[in-house]
Amino acid sequence: MWDSESESVTGGDYGNGILSSSKHGVKNDGFELRDHSWYVATDIPSDFLVQVGDVNFHLHMYPLLSRSGKMNRLIYESRELGLNKVALDDLPGGPEAFELAAKFCYGIAVDLIAANISGLRCAAEYLEMTEDLEEGNLIFKTEAFLSYVVLSSWRDSIVVLKSCEKLSPWAENLQIVRRCSESIAWKACANPKGIRWAYTGKPSKVSSPNWTETKDSSPSIKSQVPPDWWFEDVSILRIDHFVRVITAIKVKGMRFELIGAAIMHYAGKWLPGLIKDGGGSTDEASNSSSSSGGSSWKGELHMIVEENKDDTPTVEAKDQRMIVESLISIIPPQKDSVSCRFLLRLLRMANMLKVAPALVTELEKRVGMQLEQATLADLLIPSYNKNETLYDVDLVQRLLEHFLVQEQTESSSPRRQSFPEKHMYNGVQRGANPSAKIRVARLVDSYLTEVSRDRNLSLTKFQVLAEALPDSARTCDDGLYRAVDSYLKGHPTMSEHERKRLCRVMDSQKLSIDARMHAAQNERLPLRVVVQVIFSEQVKISNALANNSLKETGETQYQPVISNRKTLLEGTPQSFQEGWAAAKKDINSLKFELDTFKAKYLELQNDMDILQRQFDKLTNKKQTSAWTAGWKKLSKFTKMTTLENHDIDPQVATAPGEDTRKTTRRWRNSIS
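Fair warning: this is a prediction, and the values are worked out from it, not measured in the lab.

The rules behind the values
Residues numbered from 1 in each chain as written. Predicted model: local features only at pLDDT ≥ 70, side-chain atom pairs only at ≥ 80, totals over all residues. Heavy atoms only, no water. Pairing = 2+ DSSP bridges. Helix = DSSP H or I, 4+ residues; strand = E, 2+ residues; numbered from the N terminus. Axes fitted to C-alpha atoms, helices over the stretch in contact; angles between N-to-C directions. Contact = heavy atoms within 4.5 Å. pLDDT = per-residue confidence, 0-100. Salt bridge = Lys/Arg side-chain N within 4 Å of Asp/Glu carboxyl O. Core = buried A, V, L, I, M, F, W, Y, C linked by side-chain atoms within 4.5 Å. Buried < 20%, exposed > 50% of the residue type's maximum accessible area, 1.4 Å probe, protein only. Domains from an automatic or database assignment. Polar contact = N/O pair within 3.5 Å; in protein donor to acceptor, adjacent residues only side chain to side chain. Expected span 1.5 Å × (residues − 1). Phe/Tyr/Trp six-rings, centres within 6.5 Å; stacked < 30°, edge-to-face > 60°. Lys NZ or Arg CZ within 6 Å of the ring centre and 35° of its normal.

Glancing now at the sheet that holds strand 6 (residues 85-87). Overall, mixed pairing links the 5 strands, which are arranged 2-3-5-4-6 in an open sheet. With partners counted over all chains shown, the strands left at the sheet margins are strand 2 (31-33) and strand 6, one partner each. Along the sheet, successive strands turn relative to each other by an average axial angle of 20°, direction set aside. Sheet analysis places strand 3 (residues 37-40) next to strand 5 (residues 55-59), joined by 3 bridges and oriented parallel. Counted as the bridge partner of Tyr 39 is His 58 from strand 5. Contacting strand 2, strand 3, strand 4 (48-52) and strand 5, helix 3 (residues 94-105) crosses the sheet at an angle of about 10° to strand 5.

Encoded structure:
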């Protein structure tokens, strides 16, 4: 159905692609070109001049009037008598299309091919060559060729759609673009089994059908048609026609991975900045574009693709902006339809070309959906505002916010447990896997280390970006420590308060041995932070000593500790294990110094207790005065008097009568 033999340039099976008129108004031997002017090879002198652009056609009035309604109207409705000159500067297809239409009017055979059918169809519509004037006029025959020959051929549909770029809006109004787009979409989505393919999209080194095969031959099992066979053919189209084809393919239900790969292929071909800025290839797109230059192309369309690739002028900024905006609008909404690297490079070009803010925001959300796949090189997007930092830190902050929102949405989505397989592309697996946050945390730490050298980066932006992720995203803060240290190097004039504020973003207890050893000797860190690092190291040493004591008490209690430490070492990066021997010696020396310090501390404490007791004795002696001595004597005298009274009372109790008498006598004596 789509074989190369039936798609020859002569037009296939529709009358061998040759149009001729049954009536000849003027006998002629054809057209002759003389100094940018066409003449009819006949003995009858021309009586009518038609100007199409810079080309003049010296023709006869009768053949044109018999088949063109527009010519009839121009001549008979004109106020000038004997009009013999007409200018058709707005004729679609230009002089080439009018030449074929004029030949048809003279009954000269015209070869219809895919390259000229769209222009001739639009020119026939412009000249109003309808069936009312003559049966089998040019509109009818060109429309039949389009419907029965072009639309049944893959290659001819591509060529015709490519030729429609210069025929706007006529090609749109005549539905040529729509019909060709749908034809291409249907063939791209069709099952390749059992079809004699004659496509043009891949170089000869790829397993694909050979152009030298016969009409009835088909690809063998070994040369199976790859799913991306149509990428190269579609990528030669202009962006608006490419969007029409991709939209039609989406309606047909093609897999979103293939659609995304086709978009990346197209962008790699038409947006060279995606490859140059990144210093590498853009996934599959660049691979095909880099390999196509030295490969041998076969077939008519292959030659067209190669010429466009070699001779394509530099795309202007306005055209690039339109391409970027169009590609953003047709990217499939599913996650992983395109790579995160492609999205970030597209985002860089969008910011550079000042793309519409709504499309940029949509692209940022797409990047946030798969931010864990990004690399540091792609994330370093320059800031195109001269007053801002070297890199666009605010953009990375927005990407991180979109990532966190996506993570929160996926973790709280009820579909996550109900349909784990159906919605896998929406990132459900990523929400269940905490490694995504860990990878993003490492990426953010590396990004902060890179941008921290910028003098224009404020402390607030650094702190906000460092604290954007939750604490659970970082199992080790070595990356944050490197970023903090780099920021301190790049900003040596920071105050003590600002340095303390900066160091709050990291947790000293999450630092590795190497990081703690470096931080303990880092003069740029505040003293409080250094003390915290040393204290956390001492706590870990104490825990290690406790584990050693457990080892001495029993083998059974110590064995789990050994397994846990082995597991910890296996999960530790290799860079953190390289200095383990030197760190172990330092730990042993610190243990010895700590024990010596404890012993000296105990001795000093004993000496302090002795001196304190002696000091208390001396202080008690010196502080006694006359008042205190007098009060002490008075208290002693009071005690003695009390004791004497207690001694007299028993004696009085043994002789009560005598005491009564004495008392009475004294009273009586006093009375007398």
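Anyway, onward from the coordinates.
Turning to the pairing of strand 3, a few remarks are in order. Where strand 2 and strand 3 come together, 3 bridges link them in antiparallel fashion. Across the sheet, the residue bridging to Leu 33 is Trp 38, located in strand 3.

The next thing to look at is the confidence of the model for the protein chain. Taken over all residues, the pLDDT of the protein chain has a mean of 75, while the share at 70 or more is 67%. Predicted confidence in the protein chain is weakest over helix 14 (residues 300-311), with a mean pLDDT of 34, and strongest over helix 10 (residues 239-252), with 95. Across residues 277-314 the pLDDT falls below 50, and counting only partners more than four positions away or on other chains, this stretch makes 66 contacts in the model. Throughout residues 650-672 the model reports pLDDT below 50, and contacts reaching past four residues in sequence, or to other chains, amount to 0 contacts.

With that settled, consider the pattern of salt bridges. Applying the stated criterion to the full structure yields 23 salt bridges. The closest approach of N and O atoms between Arg 524 and Asp 485, which form a salt bridge, is 2.9 Å. Within this pair, whereas Arg 524 is found in the loop between helix 26 (513-520) and helix 27 (527-553), its partner Asp 485 is found in helix 24 (residues 478-490), the two being separated by 39 residues in sequence. The structure contains a network of salt bridges with shared partners spanning Arg 121, Glu 125, Glu 143 and Arg 179.

All right, on to the nonpolar core then. Phe 98 and Trp 230 are the most contacted members of the largest nonpolar core, which totals 149 residues. When residues of this core are assigned to their parent elements, the largest contribution, 9 residues, is made by helix 11 (residues 256-270). For this core, the two domains that each supply at least three residues are domain 1 (30-152) and domain 2 (392-411 + 434-547). If near-sequence neighbours (up to four positions away) are discounted, Trp 230 is found in contact with Trp 154, Ala 188, Ile 246, Ile 249, Met 254, Leu 258 and Ala 262.

This paragraph deals with unusual backbone geometry. A cis amide bond links Ser 168 to the next residue, Pro 169, at an omega of 0°. On the secondary structure map, Pro 169 appears in the loop between helix 6 (154-163) and helix 7 (170-173). Positive phi, close to 60°, is recorded for Glu 128, a residue that is not glycine. Considering the arrangement of structural elements, one finds Glu 128 in the loop between helix 4 (114-127) and helix 5 (138-150).

Let us look at the environment of His 491. Inspection of the secondary structure puts His 491 in the loop between helix 24 and helix 25 (496-503). On the basis of relative accessible area, His 491 is assigned to the buried category, the value being 11%. Along the backbone, His 491 and Leu 457 are 34 residues apart, and their C-alpha atoms lie at a distance of 9.4 Å. Here His 491 is in contact with Ser 452, Asp 454, Arg 455 and Leu 457, once residues within four sequence places are set aside. Within the local environment of His 491, its side chain forms a polar contact with the backbone oxygen of Asp 454, the two atoms lying 3.2 Å apart.

Along its 14 residues, helix 8 (residues 176-189) runs 20 Å from first to last C-alpha, staying within 8% of the 20 Å computed at 1.5 Å per residue. With 10 of 14 residues buried, helix 8 is to be regarded as a mostly interior element. Turning to helix 8, its buried residues are Ile 176, Val 177, Arg 179, Cys 180, Ser 181, Ser 183, Ile 184, Ala 185, Lys 187 and Ala 188. In this fold, the buried residues of helix 8 make contact with helix 4, helix 5, helix 6, helix 7, helix 9 (231-234) and helix 10.

Right, let's get into the packing of aromatic side chains. Within the structure shown, the criterion is met by 7 aromatic pairs. Arranged with centres 5.8 Å apart and planes meeting at 25°, the rings of Tyr 266 and Trp 270 form a pair that is stacked. Taken as a pair, Tyr 266 and Trp 270 lie in helix 11 at a separation of 4 residues, close to a single helical turn. Aromatic rings pair up to connect Phe 242, Tyr 266 and Trp 270 into one cluster. The ring of Tyr 126 carries Lys 70 above its face, with NZ or CZ at 4.7 Å from the centroid.

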